[in-house]
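Structural overview
This is what each chain is made of:
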Amino acid sequence: MSAAAFDALRPPPGCAYRDLFSARLRPDVARWATGHGLALHALKQLQRSRGGRSEKFLFGLGDGYAVESVLIRRRDGFTACVSSQVGCAFSCRFCASGQAGLKRNLTAAEIVEQVVHLGPRVNRIVFMGIGEPLNNYDNVLGAIRLLRDRRGLGFPTTGITLSTIGIPKALRRLREEHLGINLTISLHATTQAVRDRLIPGAARHDIGEVVTRALSWADRHRRKVTFVYLVLPGVNDSVADAQRLVSMFADKPARINLMRWNPVDAIKLRRTEDRMLSFFRHRLDRAGIPVVVRDTQGSDIDAACGQLWLRDLGGNRASDR
Ligand code: SF4
């Protein structure tokens, strides 16, 4: 609910819009919200597991489904990794979230509430949990607007990153939004054939169009777009792949994150060797393309997206167990 809609509902005396987002609701605000059919604090914490720098949360939703969020400690603060859908339609071969298919979209409120639950120390938000955010465009954009509303959470948009496989039609819309967010594209391939194998649900998205639209977004917003490339031995780690990456991104407003595979039960992909990552990094670096090598975070608590949800609930409602 926007601040304007809140005003129109004539809230109880002394209740400010930002009170709706506080971790502890005042009893009179809770009664007022219920009376107006507002589902504040609709998420119920089902599980919390700690490991290394990450803490993973499983939240139950009103209809019995569940989503997960991860809180990641950095040197200069905390990142909230939030989900945008229950399940995912894209079935990426390297991701647990897509294994059970898409159940439903999260509402804007359900997305915002994950951030509220992860606490006031959060100073970065990444849409990198369960679901493809651009496949739930209106609710994700609605959530970003709620998060940045100065009368609400007042979250700085420069601290929000939308991570997507890059749905071309949605990227075209996103280019025209003035949000000040960061954009990350899960590319993972340099040819259509390999991308279709790795992201079967996006087989109708032309890889060239995905890259062009993302770079167009970067030009329009005068910032760099990050392309993530999960290096998989024998799949996308050839010399020709490295050369194609250079051709795609030399002199473009782009940076590359090379990722090491974080093993997931039942997904048979091999982890790449350090020397291949070094080779790719060297080639990109020499071409003047900003590049970093990253490990998928929090493997000690299955912190790759969707693993807790899939492992513990099999993608079903918590109440169906
Ligand atoms: S990586 Fe993203 S788009 Fe692919 S299945 Fe997982 S959640 Fe969906």
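Note that the structure is predicted; figures quoted are calculated from it, not measured.

1. Structural notes on helix H5 (residues 168–175)
Burial in H5 covers these residues: Pro168, Ala170, Leu171 and Leu174. Take H5 and look down its axis: the buried residues cluster within an arc of 155°, on one side only. Looking at the packing, one finds that the buried side of H5 touches helix H4 (137–148), strand E9 (182–186) and helix H7 (207–221).

2. Here's the deal with the confidence of the model for the protein
Taken residue by residue, the protein gives an average pLDDT of 87. The fraction at 70 or more is 90%. Ignoring residues within four places in sequence, the model shows residues 298–304, a span with pLDDT below 50, making 21 contacts including any to other chains.

3. Brief notes about the nonpolar core
In terms of nonpolar packing, the biggest core is built from 94 residues, with Phe94, Ile125, Val225, Phe227, Phe249, Ile256 and Leu258 touching the most fellow members. Not counting the four nearest positions on each side in its chain, isoleucine 256 is found in contact with Phe227, Tyr229, Phe249, Leu284, Ile289, Pro290, Val291 and Val292.

4. Thoughts on the packing of helix H8 (residues 239–249) against helix H9 (residues 274–286)
With their axes 9 Å apart at the nearest point, H8 and H9 run at an angle of 30° to one another. With respect to their mutual orientation, H8 and H9 come out roughly parallel. Between H8 and H9 lies a crossing of right-handed hand. Of H9, the residues touching H8 (which contributes Val239, Asp241, Ala242, Gln243, Leu245 and Val246) are Phe279, Phe280, Arg283 and Leu284. Here the residues of the contact of H8 with H9 sort into seven nonpolar, one polar and two charged.

5. Observations concerning the site of the ligand
Around the ligand, the structure places Cys88, Phe90, Ser91, Cys92, Phe94, Cys95, Ser97, Gly98, Gly131 and Ile165. Across the shell around the ligand, the residue classes tally to six nonpolar, four polar and no charged.

6. Here's the deal with a positive patch on the surface
Taken together, the side chains of Arg53, Arg73, Arg75 and Arg121 make up a positively charged region of the molecular surface. By the element assignment, arginine 121 lies in the loop between helix H3 (108–118) and strand E7 (122–127). Residue classification places arginine 121 among the partly exposed positions, given a relative accessible area of 48%.

7. Examining the side chain of threonine 79
Following the sequence through the fold, threonine 79 ends up in strand E4 (residues 77–82). With relative accessibility at 8%, the residue threonine 79 sits in the buried group. Here arginine 74 takes part through its side chain, which lies 2.7 Å from a polar atom of the side chain of threonine 79. Aside from chain neighbours lying at most four places away, what touches threonine 79 is Val70, Leu71, Ile72, Arg74, Arg124 and Val126.

Rules used throughout
- All residue numbers refer to positions counted from 1 along the written sequence of the respective chain.
- Since the coordinates come from a predicted model, pLDDT governs what is reported: local features require at least 70, and pairs of side-chain atoms require 80 or more to be given and counted, while whole-chain, interface and lining totals use all residues.
- Processing note: side-chain calculations cover all non-hydrogen atoms of the structure and skip hydrogens and water entirely.
- Three labels apply to residues, based on accessible area from a 1.4 Å probe with only protein chains included: buried if under 20% of the type maximum, exposed if over 50%, partly exposed otherwise in between.
- In this text, helices come from DSSP runs of H or I with a minimum length of four residues, and strands from runs of E with a minimum of two, each type numbered from the N-terminal end.
- Relevant arc is that of directions from the helix axis to the C-beta atoms, nothing else.
- Between two residues, a contact is recorded if the distance between any of their heavy atoms is within 4.5 Å.
- Each residue carries a pLDDT score, the predictor's own confidence in it, on a scale running from 0 to 100.
- Only buried residues count toward a nonpolar core. Its members are Ala, Val, Leu, Ile, Met, Phe, Trp, Tyr and Cys residues joined through side-chain atoms within 4.5 Å.
- In this analysis, axes come from line fits to C-alpha atoms, helices being fitted only over the stretch in contact, and the angle between any two N-to-C directions falls in the range 0 to 180 degrees.
- Throughout, the term roughly parallel applies to angles under 35 degrees, roughly antiparallel to angles over 145, roughly perpendicular to angles from 65 to 115, and oblique to all others.
- Take the far helix as your reference; a near helix turned counterclockwise from it by less than a right angle gives a left-handed crossing, and one turned clockwise gives a right-handed crossing.
- Throughout, the ten residues Ala, Val, Leu, Ile, Met, Phe, Trp, Tyr, Cys and Pro are labelled nonpolar, Asp, Glu, Lys and Arg are labelled charged, and all others, Gly among them, are labelled polar.
- One heavy atom within 4 Å of a molecule or strand makes the whole residue count as near it.
- Like-charged residues within 9 Å of one another, or nonpolar side chains (Val, Leu, Ile, Met, Phe, Trp, Tyr) within 5 Å, are grouped into patches, provided each residue has over 30% relative accessible area and no salt bridge.
- For the area figures, the Shrake-Rupley method with a 1.4 Å probe applies, and any residue is considered shielded solely by the protein chains shown.
- Every case where a carboxyl oxygen of Asp or Glu lies within 4 Å of a side-chain nitrogen of Lys or Arg is listed as a salt bridge.
- The charged-residue count follows a simple rule in which Lys and Arg add positive charge and Asp and Glu add negative charge, with His and chain termini not counted at all.
- Here the site of a charge means NZ on Lys, CZ on Arg, CG on Asp, or CD on Glu.
- Under the rule applied, a polar contact is a pair of N or O atoms within 3.5 Å (in protein, one hydrogen donor and one hydrogen acceptor; residues adjacent in sequence only if both atoms are side-chain atoms).

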